[in-house]
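Secondary and tertiary structure notes
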Amino acid sequence: MRTTMRISQLAERTGVPATTLRFYEGAGLLTADRTPAGYRSYDEGAVDRLAFIGAAKHLGLPLDEIAELLTVWESGACHEVRAELRPRVAARLDEAEQRVEELTAFAASLHAALEHLDALPARAGRCDPECGFLTAQPAAVAAPVDVRLSTSRKAAAEEQEEELWRAAAPVVCSLGGEQTTRAAGTDAVDERAEQWHRALDGGDRTAIADGIRLTLPADRAGEVAELAASEQQCCPFFDFRLHLVGPRLLLEVRAPAESAELLADLFGTAA
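Quick look at the structure, then. (Residues numbered from 1 in each chain as written. Predicted model: local features only at pLDDT ≥ 70, side-chain atom pairs only at ≥ 80, totals over all residues. Heavy atoms only, no water.)

What to know about the pairing of strand S6 (residues 204–208)
Across five bridges, the pairing between S6 and strand S7 (residues 211–217) is antiparallel. Bridge pairing links Arg205 to Leu214 in S7. (Pairing = 2+ DSSP bridges. Helix = DSSP H or I, 4+ residues; strand = E, 2+ residues; numbered from the N terminus.)

Let's talk about the packing of helix H1 (residues 7–14) against helix H2 (residues 18–26)
Where H1 contacts H2, the axes come no closer than 9 Å and their chain directions differ by 110°. On the basis of their axis angle, the class for H1 and H2 is roughly perpendicular. From H1, Ile7, Leu10 and Ala11 reach across to H2, where they touch Ala18, Leu21 and Arg22. Here the residues of the contact of H1 with H2 are counted per class, giving five nonpolar, no polar and one charged. (Axes fitted to C-alpha atoms, helices over the stretch in contact; angles between N-to-C directions. Parallel < 35°, antiparallel > 145°, perpendicular 65-115°, else oblique. Contact = heavy atoms within 4.5 Å. Nonpolar A, V, L, I, M, F, W, Y, C, P; charged D, E, K, R; others polar.)

Regarding helix H9 (residues 260–267)
Turning to H9, its buried residues are Leu262, Leu263, Leu266 and Phe267. Down the axis of H9, the buried set is contained in an arc of 105°. They therefore lie on one face. Looking one or two residues past H9, Gly268 carries a phi angle of roughly 85°, positive in sign. (Buried < 20%, exposed > 50% of the residue type's maximum accessible area, 1.4 Å probe, protein only. Arc of directions from axis to C-beta.)

Section: the packing of aromatic side chains
If you walk through the whole model with that rule in mind, you get eight aromatic pairs. These aromatic residues form a ring-pair network of at least three members: Trp196, Phe237, Phe238, Phe240 and Phe267. Between Arg6 and the ring centre of Tyr39, over which it is positioned, the NZ or CZ distance is 4.6 Å. (Phe/Tyr/Trp six-rings, centres within 6.5 Å; stacked < 30°, edge-to-face > 60°. Lys NZ or Arg CZ within 6 Å of the ring centre and 35° of its normal.)

Topic: the nonpolar core
Looking at soluble globular proteins, one finds that nonpolar side chains tend to be buried together. Judged by nonpolar contacts, the single largest core of 30 residues is most densely connected at Trp196, Phe238, Phe240, Leu251 and Phe267. Where this core is concerned, the elements lending two or more residues are helix H5 (78–119), helix H7 (187–199), S7, helix H8 (221–234), strand S8 (239–245), strand S9 (248–254) and H9. Residues contacting Phe267, with those up to four places away along its chain left out, are Trp196, Leu200, Arg205, Ile212, Leu214, Phe238, Phe240 and Val253. Counting residues in each nonpolar core, the second largest holds 23 residues, with Met5, Leu10, Ala11 and Tyr42 among its members. (Core = buried A, V, L, I, M, F, W, Y, C linked by side-chain atoms within 4.5 Å.)

Let's talk about the pattern of salt bridges
All told, the structure shown has twelve salt bridges when counted by the stated rule. Arg40 is the partner of Glu25 in a salt bridge, and the nearest nitrogen-oxygen pair spans 2.6 Å. Taken together, the residues span a long stretch of sequence, with Glu25 in helix H2 and Arg40 in strand S2 (residues 40–41) at a distance of 15 residues. Across the salt bridge formed by Arg198 and Glu194, the nearest N and O atoms sit 3.1 Å from each other. Taken together, the residues Arg198 and Glu194, both in helix H7 and four residues apart, mark about one turn of the helix. For Glu194, a relative accessible area of 48% translates into the label partly exposed. (Salt bridge = Lys/Arg side-chain N within 4 Å of Asp/Glu carboxyl O.)

Focus on the side chain of Asp239
With respect to the helices and strands, the residue Asp239 is situated in strand S8. Of the polar contacts made by the side chain of Asp239, one reaches the side chain of Arg241; its length is 2.8 Å. (Polar contact = N/O pair within 3.5 Å; in protein donor to acceptor, adjacent residues only side chain to side chain.)

A word on the packing of helix H4 (residues 63–75) against H5
Orientation of H4 relative to H5, taken along the N-to-C sense of each, is 160°, at an axis distance of 9 Å. Comparing the axis directions of H4 and H5 gives the class roughly antiparallel. Considering only the axes of H4 and H5, their crossing is right-handed. Contacts from Glu65, Glu68, Leu69, Val72 and Trp73 in H4 reach Glu80, Val81, Glu84, Leu85 and Arg88 in H5. Taken together, the residues of the contact of H4 with H5 sort by class into five nonpolar, no polar and five charged. (Left-handed = near helix turned anticlockwise from the far one by under 90°.)

See the structure below:
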């Protein structure tokens, strides 16, 4: 006898929230039959399919590539899936290594900025050009440094196209190896929110398209970059951009409209 599951049963069995299951269906990654009453119905194959999707997402593959791999996975042999998967994983590795180099250079700039700050004389008066804080930046940090933390694989010529974070499932995260909704209020989520609130305390906030820009002291850049990298591992729908200009760090955070409430909870709202 064929075993079927309702969407709530499949969510409980796999740990994938029902909201994500509906999103996968809309994206063409998961199919569902319908009962005479109109309820979604899934067979055992959906469990294996979700396991494959979860493994592919863990490797950082975007949903459009996962959809292509699912076609091969359903009808092809194991070696065909491997042949399709390997170049994609290699490409993600190249991108990850490039981001490591960018963050390493960014960290070097921050070290140079700290050394410069430590070498400045302690003046009792107000900060002005004579103290050298704004005019005597070391060569390593003379130019603004941009670090973008996102899952987008677009080339520079495609910058105006839709970023990957816009297509990611809104308000769906994976914390501690388990997929959860950020609204669920898990301990991990609460701890991450508290870390953000401490790092962004006192920052000036300005509204931008799809998000918010925060102006912070430059010495918080390392902490903010580390938090942003961790946040995106679990919540790829966030798009982070860090811009270091002299003594200031400009942090821009964008997210889909569906997660505007979460964006405000973590990063605040413009005055």
